[in-house]
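Read off the chains here:
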Amino acid sequence: MENFQSLKEYLAEPRKAVILTHRNPDGDAIGSSLALYHLLKNMGHQPVVVCPSEYPSFLEWMDGVHEMVIYDADMDRAKEEVESGDIFFCLDFNSLDRIDKVGEMIVPLAKPKVMIDHHLEPAAFPDYLLSDITASSTCELIYDFIGLMDWHAHLDVKIGECIFTGIVTDTGSFKYSTSPKLYRTVAELVELGVNDYLLQDLITNSQEEKHLRLLGHCLYNRMEILEEYRTGIITLTKEDYARFDIQRGDTEGIVNYVLRIRGIIMAAFITEQPTIVKISLRSKGDFSVQEIAQKHFKGGGHKNASGGASFIGLKATIKKFRELLPEYRESLNRVNEFTV
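Along each chain, residues carry numbers from 1 onward, in the same order as the chain's sequence is written. Only residues with pLDDT of at least 70 are given local features in this predicted model, and only at 80 or more are side-chain atom pairs given and counted; all residues enter the totals for whole chains, interfaces and linings. Derived side-chain values reflect all non-hydrogen atoms in the structure, with water molecules and hydrogen atoms excluded from consideration.

Caption draft 1: Looking closely at the pairing of strand β8 (residues 231-236). Working definition: with a 1.4 Å probe on protein chains only, accessible area under 20% of the residue-type maximum means buried, over 50% means exposed, and in between means partly exposed. Under the DSSP-based scheme used, a helix requires at least four consecutive residues in state H or I and a strand at least two consecutive residues in state E, with every element numbered from the N terminus. Within β8, six of the six residues are buried, which leaves it mostly tucked inside the rest of the structure. Residues Thr231, Ile233 and Thr235 point to one face of β8 and Gly232, Ile234 and Leu236 to the other, with burial holding for every one of them. Here strand β7 (residues 223-226) runs beside β8; their pairing, made up of four bridges, is antiparallel. For Met223, the partnering residue across the bridge sits in β8 and is Ile234. Any two strands between which DSSP finds at least two bridges are classified as paired.

Caption draft 2: View of the sheet that holds strand β11 (residues 300-301). With respect to topology, six strands assemble into an open sheet ordered β7-β8-β9-β10-β12-β11, the strand pairing being mixed. The outermost strands of the open sheet, each flanked by one partner alone, are β7 and β11. In this sheet, strand β10 (residues 277-283) lies alongside strand β9 (residues 266-272) in antiparallel orientation, the contact comprising seven bridges. Paired with Glu272 across the strands is Val277, a residue of β10. The contact criterion used is simple: two residues touch if any of their non-hydrogen atoms lie within 4.5 Å. Geometry is summarised by axes, namely lines fitted to C-alpha atoms with helices restricted to the contacting stretch, and by angles between N-to-C directions that run from 0 to 180 degrees. Relative to the sheet, helix α9 (residues 209-221) contacts β7 and β8, its axis offset from that of β8 by approximately 125 degrees. Packing against the sheet, helix α12 (residues 314-334) makes contact with β7, β8, β9, β10 and β12 (305-310), and its axis sits at approximately 170 degrees to β9.

Caption draft 3: Up close: helix α3 (residues 75-83). Restricting attention to buried positions, one finds in α3 the residues Ala78, Glu81 and Val82. All buried residues of α3 lie within an arc of 100 degrees about the axis, which places them on one face of the element. Among the exposed residues of α3, those oriented more than 90 degrees off its buried face are Asp76 and Glu80. Those residues of α3 hidden inside the fold are in contact with β1 (16-21), β2 (46-51), β3 (69-70), β4 (87-91) and α4 (100-106). Relevant arc is that of directions from the helix axis to the C-beta atoms, nothing else.

Caption draft 4: Representation of the nonpolar core within the structure. Ranked by internal contacts, the top residues of the largest apolar core, which has 50 residues, are Leu34, Leu36, Phe89, Phe145 and Ile163. Take this core: its biggest share by element is seven residues, from helix α2 (residues 27-42). Contact partners of Phe145, with chain neighbours within four places excluded, come to Met1, Leu7, Leu36, Phe89, Ile116, Leu130 and Trp151. We define a nonpolar core as any set of buried Ala, Val, Leu, Ile, Met, Phe, Trp, Tyr and Cys residues linked to one another through side-chain atoms lying within 4.5 Å. Of all hydrophobic cores here, the second largest spans 23 residues; its members include Ile270, Val277, Ile292 and Phe321.

Caption draft 5: Inspection of the pattern of salt bridges at higher detail. Throughout this description, the term salt bridge denotes a Lys or Arg side-chain nitrogen within 4 Å of a carboxyl oxygen of Asp or Glu. This structure, assessed with the given rule, holds 19 salt bridges. Of the charged contacts in the structure, one is a salt bridge between Arg213 and Glu209, with a shortest N-O distance of 2.7 Å. Of this pair, Arg213 and Glu209 both sit in helix α9, separated by four residues, roughly a single helical turn. Taking relative accessible area as the criterion, Glu209 reaches 54% and is therefore assigned exposed. What you see here is one network of salt bridges that share partners, running through Lys16, Arg77 and Glu81.

Caption draft 6: Representation of unusual backbone geometry within the structure. We note that Asp150 has phi near 60 degrees; this positive angle belongs to a residue other than glycine. Although it is not a glycine, Phe174 adopts a positive phi angle of roughly 65 degrees.

Caption draft 7: Up close: the state of the cysteines. Throughout, disulfides are identified as pairs of cysteine sulfur atoms within 2.5 Å of each other. By the definition in use, this model includes zero disulfides. With no disulfide of its own, Cys90 lies 13 Å from the sulfur of Cys51, the closest cysteine sulfur. Relative accessible area serves as the criterion here: at 0%, Cys90 is assigned to the buried category. Free cysteine Cys162: the closest other cysteine sulfur is in Cys139, separated by 7.5 Å. Overall, the relative accessible area of 2% leaves Cys162 in the buried class.

Caption draft 8: The arrangement of the side chain of Thr21 in detail. Tracing the backbone shows Thr21 in strand β1. A polar atom in the side chain of Thr21 sits 3.0 Å from the backbone oxygen of Leu91. Side-chain atoms alone can form a polar contact between residues adjacent in sequence; in general such a contact is a pair of N or O atoms within 3.5 Å, and within protein one must be able to donate a hydrogen while the other accepts it.

Caption draft 9: Layout of the sheet that holds β1. Pairing is parallel across the open sheet formed by six strands, whose spatial order is β3-β2-β1-β4-β5-β6. Edge strands, defined here as strands with exactly one partner in the open sheet, are β3 and β6 (128-131). Where strand β5 (residues 113-117) lies against β6, four bridges are found, and the strand directions are parallel. Looking at β6, one finds that Val114 is bridged to Tyr128.

Caption draft 10: Quick look at α2. An ideal rise of 1.5 Å per residue puts 22 Å on 16 residues; α2 measures up with 22 Å between its terminal C-alpha atoms. For α2, the tally of buried residues reaches 14 of 16 residues, placing the bulk of the element in the interior. Following α2 by one or two positions, Gly44 adopts a phi angle in the positive range, close to 100 degrees. Residue count minus one, scaled by 1.5 Å, sets the expected span of a helix.

Structure representation (structure tokens):
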């Protein structure tokens, strides 16, 4: 981050800080937002988290989650909070179109904007940028930001729990995007007093019965393996959504199960939504699904975890994805899954 000293000086006085994160927030989005929320509150600021849509139910236990303002549920209050803000923190997204109408609100406001994110190709709108695509999560960068600003004195266990939550969820419980630096960060969080066992239990073992039945349905009835392309596909229809009463966050992590199969390098999770078809892509090693998401499905993300959308219907989207595979066959076959 350049010019962070001027940001530090600006925040030396109490400010109304509006913290923004992306639509359909995951553990990293909510964890980073609430970590910064509690930090700024400890420092005497007036923070508020504004999110375009509801958070997943498995994060219900997090301290401060009920104080968040959800745009979809209360547009008037969200607009009021945004327009009265002194400074904006944009967390876990790289472009204002990821926050929909909320993004349109902040464009004309001549107030400082800070982006902290780990996605590729950050947009040029922020006045202050902390971006690192090698970071495991935005929560890891929040911890780096605290160190950069010399704010460790304001850290507490509550903040540590939020940061740990984002790290655990974005790394799949330390299976992806890890580094020696990350483990040092986690060690410092545990030394701070974070109960890592309890948090892992809250994050991963709070599912309802329907979640396991849905997972079984996906793996038994909706998974197809294309060995020739070292690829697996799981699809869900509108009827599946109705049958299992699928709500926001209920399908989190299902795509990753495909990568547990030996020899599989790419996994696709294609779901039929009310107006669009969403596609989530995961991969191993040097094979980039970000390129596929960006080039063919108007999306993006990370090299090994990306997503996009399609407006041509479920069957046509599945057909389109299948027809892309020959183009990537050579790249997929080059990946050695035992050296990733």
